[in-house]
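Read off the chains here:
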Amino acid sequence: MKTTNPISFLMFFSYIICATFQKSLLHTVLEAGKSKIKMQADSVSVMPHINNQDYLEENLRDITSIMVSQFLQKATYEEVQTIVKELLDLAEKCKNLKSHESPSECAHQLMAVFLDHTCNNQEMIDKHVLTDCCNANDTEKLNCFLSYKKDDADDIDMFPVLKPEQICEEGKENQGSVKERYSYETSRRYPFLYGPTILAMSACYEMAIRSCCGEDQTECLQRKIEPIRKYIKEMSLRHHHLCDIGSKFSHTIATAVEMVLLTKKQPTADFSEIVKLTRDVRNLHETCCEGNTVACAFHRSQLMNHTCSKQAALTGKLTPCCEQPAPFRGECILISDIDDKPTLPTLPLRRFTEDQFVCEQFTEKQDAFLQEFLYEYSRRNTELAVPVILRVNTIYKNLLEKCCKLENSLECYSHGKELFQKVVHESWDRVKNHCNLHEKLGESNFHDRLIIHYTKKAPQLSASELVVFTRKVAAAASKCCPLRDEQQCACVEDSAKLILGALCRKHEAEPVNAGVGHCCSEEYAFRKPCFDDLLVDSTYVSPSLPCDQVINLTENLCNVQEEDLQTEKKKLLSNLVKQKPYTPETQVQSIVVDFVPLVEKCCLAEKSETCFQEEDRSALELAGHGLDPEKL
């Protein structure tokens, strides 16, 4: 019987899967596509196991383009295509993948060829400022190239905005270039987003274009492309965060994070299966984080094949995902629902606080023993966020380090359960207080409160960065706080780890201040409570500015959009707090509370400039009273 390569159905499956992404980017069920997939499977024999070499050969050019675009972010689309052709001509081990060449050997050679090819081209070295990297030895060269990747979503220019008719016309003239160009634009803007995700989302983008052109193009394109854009942005943040954990923290921490994630998702899986999967996933992240997209795509396809072959031992919820071709299979598995929380006996967990041989096991094989504790605790507490479980793990480790030195160690560590509950309750209380404040103040005032608090904690940050950072924290509260209690805590904790992680990453070379630097570099699990507990930075000396440089109302404000006007108001709030961080919040807020109505009034006035000058003087007088004119 003739066997058909699953890749040949890529566009058929991509329609089903991409349509599902439109419905929900977090809970993929794929129910809508089941009947169509069955009909297609009835007519041909579709292998559930994807041939990795076929997949790689089919997509080698696109995957290589992603790698080049992510490293050489200033290169034009045409330059990338030229470089890719030259690389594939030079990489001998990538020419006969189906017959005998190993994909791993191809990936290794392709990366080496790329680095050499770039460093042998002076024009490219100058354009991408890579002189230091090309002078480094082979071991350091790749790390140097990686360090030059720019991934700051707040500063990245938006995708080129084309009119719907332009998009549709381009798609009609050359359907292939639509996906390739989107892949290029995505890759250079999100250099740490894994290649297989870019392949999947580029196919989804192409399907959105195809399905929208011919109807109400503007509304249709916005409805279908916006979820793709949001998904890309979130996954890029998550991928870069995972890369950070692997490079900034110990191997033990990185392994613990993966073990918790995998155990929470598949709580019925055996410990041995979770351990193996954890090791494989960690290796995959290391490969993908090194920027070798060919190796990343190959190893992820291998991992997904293994996962799908072990469904019975892992979880029954992967069947719809495992029916999909790569790269959709991987995306589907990643965002699939957590398995139902099982009813498990308490004995396996109780032994960690009640067994008299705990210290013996802890002393002999500490890492393996703590991994088993992490596994047993995670599968019984799937509702908890990863950082919270890691805090419990740290508390347990510290407890054993203390207790195992004592004569009556059992009596000492038998109180572990109460300590675990205390960690969980403290985390819940923090989130509950956060959400209660959000509900009490409302979104805008809650954001103002965040600006005041974080300006005091990190006044060295610019007002613009503080507004953007706190806007993310406020948006997370708006998303998470309406959820029920258990989901609320996990959602806030998960958002915080990404938002704080991005802040720490941005200022890694030069920490904002001692307090922020400490929170960023110490225990990963305790990063959020560390930031929560930061107080006013008493070492900060605010610049001595005249009032009119802090408050400056002009006619230029009449030309800005409503959103930008709110931003200006919040920047003013931050600058006022920097000048006098110990002033009561109500006094500071009283100065900016009428900012927007005041601007609107003056913009409608017959003599706007005069109105602004008068209001500016009034605001300065109020600021002088409220914030101590001698300081200002």
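If you're wondering where the values come from, they're calculated on a predicted model, not measured in any experiment.

Right, let's get into the overall build of the protein. Scanning the protein for helices and strands turns up 34 helices and two strands. Across the 632 residues in the protein, those meeting the buried criterion constitute 52%. In the protein, 73% of the contacts between residues at least 6 apart in sequence involve partners at least 24 apart.

On to the packing of aromatic side chains, then. Following the criterion strictly, the structure yields 18 aromatic pairs and no others. The ring of F352 has R351 lying over it, and the distance from NZ or CZ to the ring centre is 4.4 Å. Here the guanidinium or amino end of K457 rests over the ring plane of Y454, the centre of that ring lying 5.5 Å away.

What follows deals with the nonpolar core. V68, F71, L72, L110, F114, F145 and V294 are the most contacted members of the largest nonpolar core, which totals 64 residues. Top contributing element to this core by residue count: helix α11 (residues 195–212), with ten residues. Discounting chain neighbours no more than four positions away, the residues touching F71 are M111, F114, L142, F145, L146, K149, E290 and G291. In this structure, L242, A269, L303 and Y375 belong to the second largest nonpolar core, which totals 49 residues.

Time to look at helix α26 (residues 463–480). End to end, α26 covers 26 Å across 18 residues, agreeing with the expected 26 Å (1.5 Å per residue, within 8%). Its buried side turned inward, α26 meets α24 (416–441), α25 (443–457), α27 (485–506) and α31 (562–579).

Right, let's get into the state of the cysteines. Taken as a whole and judged by the stated rule, the model has 15 disulfides. A sulfur-sulfur distance of 2.1 Å marks the disulfide that ties C94 to C106. On the S-S bond that ties C94 to C106, the torsion sits near 105 degrees, and the link is right-handed. In this pair, C94 sits in the loop between α4 (77–90) and α5 (103–119) while C106 sits in helix α5, placing the two residues twelve residues apart along the sequence.

Moving on: the packing of helix α12 (residues 217–248) against helix α13 (residues 251–265). Look at α12 against α13: their axes get within 7 Å of each other, and the N-to-C directions meet at 145 degrees. Between α12 and α13, the residues in contact are L242, I245 and G246 and I253, A254, V257 and E258, respectively.

Phi is positive for V129, which is not a glycine, with a value near 50 degrees. Residue placement: V129 occurs in the loop between α6 (122–127) and α7 (131–135). Taking relative accessible area as the criterion, V129 reaches 48% and is therefore assigned partly exposed.

One pass over the full model with this rule turns up 34 salt bridges. For K85, the salt bridge is made with D89, and the minimal N-O distance between the two is 3.3 Å. With K85 and D89 both in helix α4, this residue pair falls four residues apart, about one helical turn. Residue classification places K85 among the exposed positions, given a relative accessible area of 55%. E465 is paired through a salt bridge with K506; the nearest N and O atoms lie 3.7 Å apart. Taken as a pair, E465 in helix α26 and K506 in helix α27 lie far apart in primary sequence, 41 residues in all.

Here we come to the layout of surface pockets. Here the second largest pocket defines a volume of roughly 490 Å³. As for the second largest pocket, its lining consists of 21 residues, and the residues nearest its centre are H434, L450, Y454, K528 and D532. Breaking the lining of the second largest pocket down by element, the ones donating at least two residues are α24, α25, α26, α27 and α29 (527–532). Per-element tally for the lining of the second largest pocket: the top contributor is α25, with six residues.

We now examine the environment of A91. Note that A91 resides in the loop between α4 and α5. The buried category is assigned to A91, whose relative accessible area is 0%. Each C-alpha atom of the pair A91 and V113 lies 6.7 Å from the other, and the pair is 22 residues apart in sequence. Aside from chain neighbours lying at most four places away, what touches A91 is Q109 and L110.

Turning our eyes to something else, we now look at the side chain of N513. For N513, the location among the structural elements is in the loop between α27 and α28 (514–521). There is a polar contact of 2.8 Å between the side chain of N513 and the backbone nitrogen of V516. Beyond its immediate stretch of four places on either side in the chain, N513 contacts K457, A458, P459, Q460 and D537.

Of the residues in the protein, 83% reach a pLDDT of 70 or more, and the chain-wide mean stands at 83. Overall, residues 1–13 carries pLDDT values under 50, and its contacts beyond four positions in sequence, including any with other chains, amount to 31 contacts. Segment residues 24–49 is flagged for pLDDT under 50; beyond a separation of four residues in sequence, or across chains, it makes 48 contacts in the model.

With 18 residues, α31 extends 26 Å between its outermost C-alpha atoms, agreeing within 8% with the 26 Å of an ideal straight helix rising 1.5 Å per residue. For α31, the set of buried residues is L565, T567, K569, K570, L572, L573, S574, L576, V577, K578 and Q579.

For the rest of this paragraph, the subject is the environment of L87. Tracing the backbone through its elements, the reader meets L87 in helix α4. Each C-alpha atom, one on L87 and one on V68, is 9.8 Å from the other, the two residues being 19 residues apart in sequence. With residues up to four places along the chain from it excluded, the contact list for L87 reads T64, V68, L110, V113, F114 and H117.

It is worth spelling out the side chain of Q70 at this point. Structurally, the position occupied by Q70 is in helix α3 (residues 52–71). A residue is classified by how much of its surface remains accessible, and Q70, at 2% relative accessible area, is buried. There is a polar contact of 3.1 Å between the side chain of Q70 and the backbone oxygen of Y190. Within the structure, the side chain of Q70 is placed 3.5 Å from the backbone oxygen of P191, a separation counted as a polar contact. Discounting residues that sit within four places of it in the chain, Q70 has contacts with K149, S187, Y190, P191, F192, L193, I198 and T293.

What counts, and where the lines are drawn
Residues numbered from 1 in each chain as written. Predicted model: local features only at pLDDT ≥ 70, side-chain atom pairs only at ≥ 80, totals over all residues. Heavy atoms only, no water. Helix = DSSP H or I, 4+ residues; strand = E, 2+ residues; numbered from the N terminus. Buried < 20%, exposed > 50% of the residue type's maximum accessible area, 1.4 Å probe, protein only. Contact = heavy atoms within 4.5 Å. Phe/Tyr/Trp six-rings, centres within 6.5 Å; stacked < 30°, edge-to-face > 60°. Lys NZ or Arg CZ within 6 Å of the ring centre and 35° of its normal. Core = buried A, V, L, I, M, F, W, Y, C linked by side-chain atoms within 4.5 Å. Expected span 1.5 Å × (residues − 1). Disulfide = S-S within 2.5 Å. Axes fitted to C-alpha atoms, helices over the stretch in contact; angles between N-to-C directions. Salt bridge = Lys/Arg side-chain N within 4 Å of Asp/Glu carboxyl O. 1 Å grid on protein atoms, 1.4 Å probe; cavity = no way out; pocket = protein on both sides within 12 Å on 5 of 7 lines; lining within 4 Å. Points joined across faces, edges and corners; volume = space filled by probe spheres on them. Polar contact = N/O pair within 3.5 Å; in protein donor to acceptor, adjacent residues only side chain to side chain. pLDDT = per-residue confidence, 0-100.

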